[in-house]
Amino acid sequence: MASDDVTQLADSLAKTQVNEGELSYKGQGLKLDNVESVNEMVEDIKEFDGLRALRLEGNTVGLDAARTIAEALKTKRDLQCCYWSDMFTGRLRAEIPPALESLSDAIITAGARLKVLDLSHNAFGPDGVKGIETLLKSAACHSLQELHLNNCGMGIGGGKILAAALTVCYKESRHLGSPLELKVFIAGRNRLENDGATALAQAFKLIGSLEEVHMPQNGINHLGVTALATAMEHNPQLRVLNLNDNTFTKKGGIAMAQALQHLRNVQEINFGDCLVRSEGAIAIADTLRDGLPLLKKLNLSFCELTEEAALTVATSVQRKDHLEKLYLNGNCLGDEGCENLRKLMDDIKMGHVLGSLSDDEGDPEEDDDDDDNEEDHDDGEENHDDGEEDDEDVEEEEEEEEEKEPNDSNQFSTPPSAPRPPDVSSFLTFPSPDKLLRLGEKRCFLIQQEVDGTDVNGTAEMFLQISSVYKEDNTEVKSAVLESIDAVMSKVLSTPSFQSLSFVSSLLVMLGLLKSEDKQKAVRVVPGHLQCLEHAVKQSYFPKEHVMVLNAFMARQNKSLESCNGARDRLKSTLQKLATES
């Protein structure tokens, strides 16, 4: 083979990854605006016989480009998996529905039968759901097994449209003798709230084949949780249930406990940061005693559990031979309660499964018994957000940090023929030390590709997401986190247009040190946040004039930092020293 041919082949392979039946442009950062920009891709698609999976994640596709790609897909009958997350960054909202409609029509025209549809991290709102509505109702989705719509900003309106489409898909497929058997449903961070969740629950109850349900951070309270609990009873093969960072209260906790009594295959439960409360946790413990024989992971962290409730939960897992991890961090046990819990777990020979208790909130304050009633009242008055936004430009949904122990439950299933390594989006959505390490030696480069120097809020969130997994006693994790922090900060602070003072202000708001004018929610501060900030302020890239600002705010007393006294004091000392030197 001539050297020119070898070079050309090498260039082609470098640009496009081809696995068995899969054509991948994943993470190439391509800006595909028009017909000319996708000519090579279109030729690759046309020439690929037996195309089963097309990966377009991490590129940005305009309307004309989408229509051109769609034309090439009209003959791809074998297509089964569409990995199209993070595909419309920077596009006008008006572009996205017709782009999705063109791609959907192509799949239907081809007669394809999809197994996986992944449109996560596209922030397309309810209009985007309308763009795939016809596809979801069509025969192309009668075979669908996985639907990934994480962080799409669907809102209540989008949730209702989605639920109706899935209901039609199920009924029509059942009429044809092969009912829809959806196994994996992922829709975290979509502002579904009670109405959206309740609509989806009705569809789930009908479908009955779900094995994994991930709906974290959706503003769902006990009314929506109760509807979902009822739906889960009708999905006997359920293995993973992740409702992290919604609001159960005791009513939702009790309803979910009753539903779990009917399920025997559940392996992972993530109700962390769900305000399950002691009554709800005790009800779940009652179910655990004689049920859920295959349980591997249970997360009831940051749920306002008392010592009594935590000990009841611990006792209930005594005969769970498959249990790998029990997360009870961030509750209200107090020092003595934490010690009693550790002793109990050791006594029943399960001390190794108990997660860290380093963020315990201390002795409980008096509970507000009216919380459930207040939620009922609020449900009647709140003006629901249907997911529409005023901005014309599509941006990534803000990724709020979830403070929890490392949890593999967020690793989603993929087709056996195409196992997927973790990517940056997966890490930033559900951060864990393991995911960060598995990004490999190129993690800093990959993370830098996700940085938007024009988005100070997004950069502050990314800083907190990365620093949340910092571990002082693990050299490998510590090094990976600090290198990643340096990669992010050095990039944005070398960007002339980056508003560094606004970044510091956003960081202070998220740490609970500065009141937000737009009611932005503060995160739950963990030591890693402050330890990484201490590292950053000592680097040459960090503007010295902002040290004074941070020093002034850190000098104030603030309850948000009380759980991190050691890290707080070290940061204060460093800032004072740097302020004196400057």
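Residues numbered from 1 in each chain as written. Predicted model: local features only at pLDDT ≥ 70, side-chain atom pairs only at ≥ 80, totals over all residues. Heavy atoms only, no water.

## Looking at helix 10 (residues 277-290)
Since the α-helix turns once every 3.6 residues, residues separated by three or four places project in the same direction.
No. 1: Of all the positions in helix 10, only Arg277, Ser278, Gly280, Ala281, Ala283, Ile284, Ala285, Thr287 and Leu288 are classed as buried.
No. 2: Positive phi shows up at leucine 292, right after helix 10, with a value of about 50°. (Buried < 20%, exposed > 50% of the residue type's maximum accessible area, 1.4 Å probe, protein only. Helix = DSSP H or I, 4+ residues; strand = E, 2+ residues; numbered from the N terminus.)

## Quick word on the side chain of serine 500
No. 1: Considering the arrangement of structural elements, one finds serine 500 in helix 19 (residues 500-510).
No. 2: Using a relative accessible area of 18% as the deciding quantity, one classes serine 500 as buried.
No. 3: With near-sequence residues (within four places) excluded, serine 500 lies in contact with Leu493, Pro543 and His546. (Contact = heavy atoms within 4.5 Å.)

## Overview of the nonpolar core
No. 1: Counting residues in hydrophobic clusters, the biggest one holds 117 residues, and the most contacted among them are Phe185, Met215 and Phe271.
No. 2: Counting residues in hydrophobic clusters, the runner-up holds 51 residues, among them Leu482, Phe498, Phe503 and Cys564. (Core = buried A, V, L, I, M, F, W, Y, C linked by side-chain atoms within 4.5 Å.)

## Digging into helix 3 (residues 63-73)
No. 1: The element helix 3 is largely enclosed, with a buried count of eight among its eleven residues.
No. 2: When we look at burial in helix 3, the residues that qualify are Leu63, Ala65, Ala66, Thr68, Ile69, Ala70, Ala72 and Leu73.

## Considering the pattern of salt bridges
No. 1: Per the stated rule, a full pass over the model turns up 18 salt bridges.
No. 2: Of the charged contacts in the structure, one is a salt bridge between lysine 137 and glutamate 133, with a shortest N-O distance of 3.2 Å. Of this pair, lysine 137 and glutamate 133 both sit in helix 5 (residues 125-137), four residues apart, which is roughly one turn of that helix.
No. 3: Judged by relative accessible area, lysine 137 falls into the partly exposed class, the value being 29%.
No. 4: Of the charged contacts, one joins glutamate 483 and arginine 443 as a salt bridge, the two residues approaching to 4.0 Å between their closest N and O atoms. Of this pair, glutamate 483 sits in helix 18 (residues 475-493) while arginine 443 sits in helix 16 (residues 443-449), placing them 40 residues apart in sequence. (Salt bridge = Lys/Arg side-chain N within 4 Å of Asp/Glu carboxyl O.)

## Topic: the packing of helix 2 (residues 39-47) against helix 3
For any two helices packed against each other, one specifies the inter-axial angle together with the distance between the axes.
No. 1: At their nearest, the axes of helix 2 and helix 3 sit 9 Å apart, and the two run at 15° to each other. When the axis of helix 2 is compared with that of helix 3, the two are roughly parallel. Handedness of the crossing formed by helix 2 with helix 3: right-handed. Contacts from Met41, Val42, Ile45 and Lys46 in helix 2 reach Thr68, Ile69, Ala72 and Leu73 in helix 3.
No. 2: A class-by-class count of the residues in the contact of helix 2 with helix 3 yields six nonpolar, one polar and one charged. (Axes fitted to C-alpha atoms, helices over the stretch in contact; angles between N-to-C directions. Parallel < 35°, antiparallel > 145°, perpendicular 65-115°, else oblique. Left-handed = near helix turned anticlockwise from the far one by under 90°. Nonpolar A, V, L, I, M, F, W, Y, C, P; charged D, E, K, R; others polar.)

## As for the packing of aromatic side chains
No. 1: Inspection of every chain in the model, using the stated rule, returns four aromatic pairs.
No. 2: With a centroid separation of 4.9 Å and 65° between ring planes, the pair formed by phenylalanine 185 and phenylalanine 204 is classed as edge-to-face. With phenylalanine 185 in strand 9 (residues 184-186) and phenylalanine 204 in helix 7 (residues 193-207), this residue pair connects regions lying 19 residues apart in the sequence.
No. 3: Seen in terms of ring centroids, phenylalanine 248 and phenylalanine 271 are 4.8 Å apart; in terms of plane orientation they differ by 50°. Their pairing is tilted. (Phe/Tyr/Trp six-rings, centres within 6.5 Å; stacked < 30°, edge-to-face > 60°.)

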